[in-house]
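Chain and residue survey
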Amino acid sequence: MKLTILDGMAVNPGDLSWDIFKKYTDVTVYQTTEQNQVIERIADSEAVILNKIRITEDVLSACPKLKYIGVMATGYNVIDVAAVKKAGITVCNIPAYSTEAVAQHVFALLLHFSNHVALHNQSVHNGAWISASIFCYWEKPLFELAGKTLGILGYGNIGKKVEQIASAFGMNVLICPHRPNGSPNCVSFDELLQKADVLSLHVPLTDETKEIINRTTLEKMKKGAYLINTARGALVNEAELASALFDGKLAGYAADVLCEEPMQEATPLKDAPNCVLTPHIAWAPLETRRRCLEIGFRNFEAWLNGSVQNLIY
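The notes below deal with the structure included here.

About the cut-offs
- Residue numbers run consecutively from 1 along every chain, following the written order of its sequence.
- Only residues with pLDDT of at least 70 get local features here, since the model is predicted, and only at 80 or more are side-chain atom pairs given and counted; chain-wide, interface and lining totals rely on the full set of residues.
- Note: side-chain values were computed over all heavy atoms of the structure, leaving out hydrogens and water.
- Residues enter a patch when their relative accessible area is above 30% and they make no salt bridge; the linking distance is 9 Å between like charges and 5 Å between nonpolar side chains (Val, Leu, Ile, Met, Phe, Trp, Tyr).
- Method for areas: the Shrake-Rupley scheme with a 1.4 Å probe, in which residue coverage is limited to the protein chains shown.
- In what follows, salt bridge is the name for a side-chain nitrogen of Lys or Arg lying within 4 Å of a carboxyl oxygen of Asp or Glu.
- Strands here mean DSSP runs of E at least two residues long; helices mean DSSP runs of H or I at least four residues long; both are numbered from the N terminus.
- Note on exposure labels: buried denotes an accessible area under 20% of the residue type's maximum, exposed denotes more than 50%, and partly exposed covers the range between, all computed with a 1.4 Å probe on protein chains only.
- Pairing between strands is defined by DSSP: at least two bridges between them are needed.
- An axis is simply a line fitted to the C-alpha atoms; with a helix, the fit covers only the stretch in contact. Between two such axes, the angle follows the N-to-C directions and lies from 0 to 180 degrees.
- Here, residues are in contact when the closest pair of their heavy atoms is within 4.5 Å.
- The length a helix should cover is 1.5 Å for every residue beyond the first.
- Polar contacts, as counted here, are pairs of nitrogen or oxygen atoms within 3.5 Å of one another; within protein the pair requires one atom able to donate a hydrogen and one able to accept it, and residues that are adjacent in sequence qualify only if both atoms are side-chain atoms.
- Here the nonpolar core consists of buried residues drawn from Ala, Val, Leu, Ile, Met, Phe, Trp, Tyr and Cys, with membership extended through side-chain atoms lying within 4.5 Å.
- Angles are sorted into four bins: roughly parallel if under 35 degrees, roughly antiparallel if over 145, roughly perpendicular if 65 to 115, and oblique for all others.
- Crossings are assigned a handedness: left-handed for a near helix turned anticlockwise from the far helix by less than a right angle, right-handed for a clockwise turn.
- Note on residue classes: Ala, Val, Leu, Ile, Met, Phe, Trp, Tyr, Cys and Pro are nonpolar, Asp, Glu, Lys and Arg are charged, and everything else, Gly too, is polar.

Moving on: a nonpolar patch on the surface. Together, Met1, Tyr24 and Leu304 give the surface a local cluster of nonpolar side chains, amounting to about 240 Å² of exposed area. Here Leu304 is to be found in helix H10 (residues 286-304). Residue Leu304 is classed as partly exposed on the basis of its relative accessible area of 32%.

Have a look at this one:
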């Protein structure tokens, strides 16, 4: 059996090891793969592991030996689901491996707005504290999280962890689950928009949720609210969101994701004010990536042993 890893750098840029897979098979690792290289690289592979490489019907038609696809992520929108079902290929993903890390990143982004640590650190190193007339100063107003209302759109593992951390900060939490769950602090989407001082997105990207944040929904939010997106870039209409930042409707937008990744020069958010962007790193702590790789191995091992786990299709 041959196993090919197409974009290994995403999970393992060199600080982890793929050697555990060699227990069962020959392994070929490509750090990166262009889409037009996929077929030639997996044409004789029975199993493939990937992160963001697209597997289309054309790829499957040209790779008849393929029997297993391991997605080293929770989301699997890179897979043509209908095509893999038709081909009878097993596809497994990595659910719930990044819960702690992504929830942590939500608050790293939110604390950027509340405390302006980077701004004040730079100011101090530029000499402003040395020349200050009193013992303290601030470049921008600070605010407490305690007492603010955090709205959580989506209530899976990450949404629940975000609620737990927000409660520890003393925030009031409102939830609009992707599916109703009967929680006492559940509200409608409209009520969530109207009451949240901070709105954090935690729903999957589907036809229903694509651009769920748009001109209409932004108008329903409080003036001066903050929006955090660590889920998927396409949950927001980026052009209309940029307009809300320029107009001052939103006090700030912080995201770890964009509609197009890597970021494009023409993205509407590139020069938008009060817009904080990180390069899809919420899931990237060493501990998180190690967990992802280990679960990916167990998925592969279970498939070999005939007891599939974390099955998508």
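Sheet architecture is open: five strands sit in the order E2-E1-E3-E4-E5, paired in parallel fashion. Both edges of this open sheet fall to strand E2 (26-29) and strand E5 (90-92), since each of them pairs with a single strand only. Mean inter-strand twist for the sheet, computed between neighbouring axes without regard to direction, equals 15°. Pairing geometry for strand E3 (residues 47-50) and strand E4 (residues 68-71), over four bridges, is parallel. The partner of Leu50 across the bridge, within E4, is Val71. Those strands touched by H10 are strand E1 (2-5), E3, E4 and E5, and its axis lies near 160° from that of E4.

Next up on the list: H10. The end-to-end C-alpha separation of H10 is 27 Å, in line with the 27 Å expected for 19 residues at 1.5 Å each. For H10, the full list of buried residues reads Thr288, Arg289, Cys292, Leu293, Ile295, Gly296, Phe297, Asn299, Phe300, Glu301, Ala302 and Trp303. On the buried face of H10, the contacting elements are E1, E3, E4, E5 and helix H4 (99-115). With its phi angle positive at about 80°, Gly306 sits one or two positions after the end of H10.

With respect to the helices and strands, the residue Thr278 is situated in the loop between strand E11 (275-277) and H10. In this structure the C-alpha to C-alpha distance between Thr278 and Ala254, which are 24 residues apart in sequence, comes to 8.1 Å. Setting aside anything within four residues of it in sequence, one finds Thr278 in contact with His105, Leu109, Ala255, Asp256 and Val257. There is a polar contact of 2.6 Å between the side chain of Thr278 and the side chain of Asp256.

Right, let's talk about the side chain of His105 for a bit. Tracing the backbone through its elements, the reader meets His105 in helix H4. Side chain to side chain, His105 and Thr278 meet in a polar contact 3.0 Å long. With sequence-adjacent residues up to four places away left out, His105 is seen in contact with Thr230, Asp256, Thr278, Ile281 and Ala282.

Moving on: the nonpolar core. One recurring pattern in soluble globular proteins is that nonpolar side chains are buried together. In this structure, Leu153, Leu199, Ile213, Leu227, Leu250 and Tyr253 are the most contacted members of the largest nonpolar core, which totals 31 residues. At the level of secondary structure, the elements contributing two or more residues to this core comprise strand E7 (172-176), helix H7 (189-195), strand E8 (198-201), strand E9 (225-229), helix H9 (238-247) and strand E10 (250-255). In terms of residue count, H9 provides more of this core than any other element does, four residues in total. Discounting residues that sit within four places of it in the chain, Leu153 has contacts with Cys176, Phe189, Leu192, Leu199, Ser200, Leu201, His202, Val203 and Ile212.

Further remarks concern the pattern of salt bridges. When the charged atoms of two side chains with opposite charge come close together, those side chains can pair. Counted under the stated rule, the structure contains eleven salt bridges. Here Arg289 and Asp15 are joined by a salt bridge, their closest N and O atoms 2.6 Å apart. You can see Arg289 sitting in helix H10 and its partner Asp15 sitting in the loop between E1 and E2, a full 274 residues away along the chain. Overall, Asp15 belongs to the partly exposed group, its relative accessible area being 40%.

The next point concerns the packing of H4 against helix H6 (residues 157-168). In contact at an axis separation of 9 Å, H4 and H6 are set at 50° when each is read in the N-to-C sense. With respect to H6, the element H4 is oriented oblique. Handedness of the H4/H6 crossing: right-handed. Residues Thr99, Glu100, Val102, Ala103, Gln104, Val106 and Phe107 of H4 lie in contact with H6, whose contacting residues are Asn157, Ile158, Lys161, Val162, Ile165 and Ala166. Counted by class, the contact of H4 with H6 contains eight nonpolar, three polar and two charged residues.

Any functional reading would require information beyond the geometric quantities listed.
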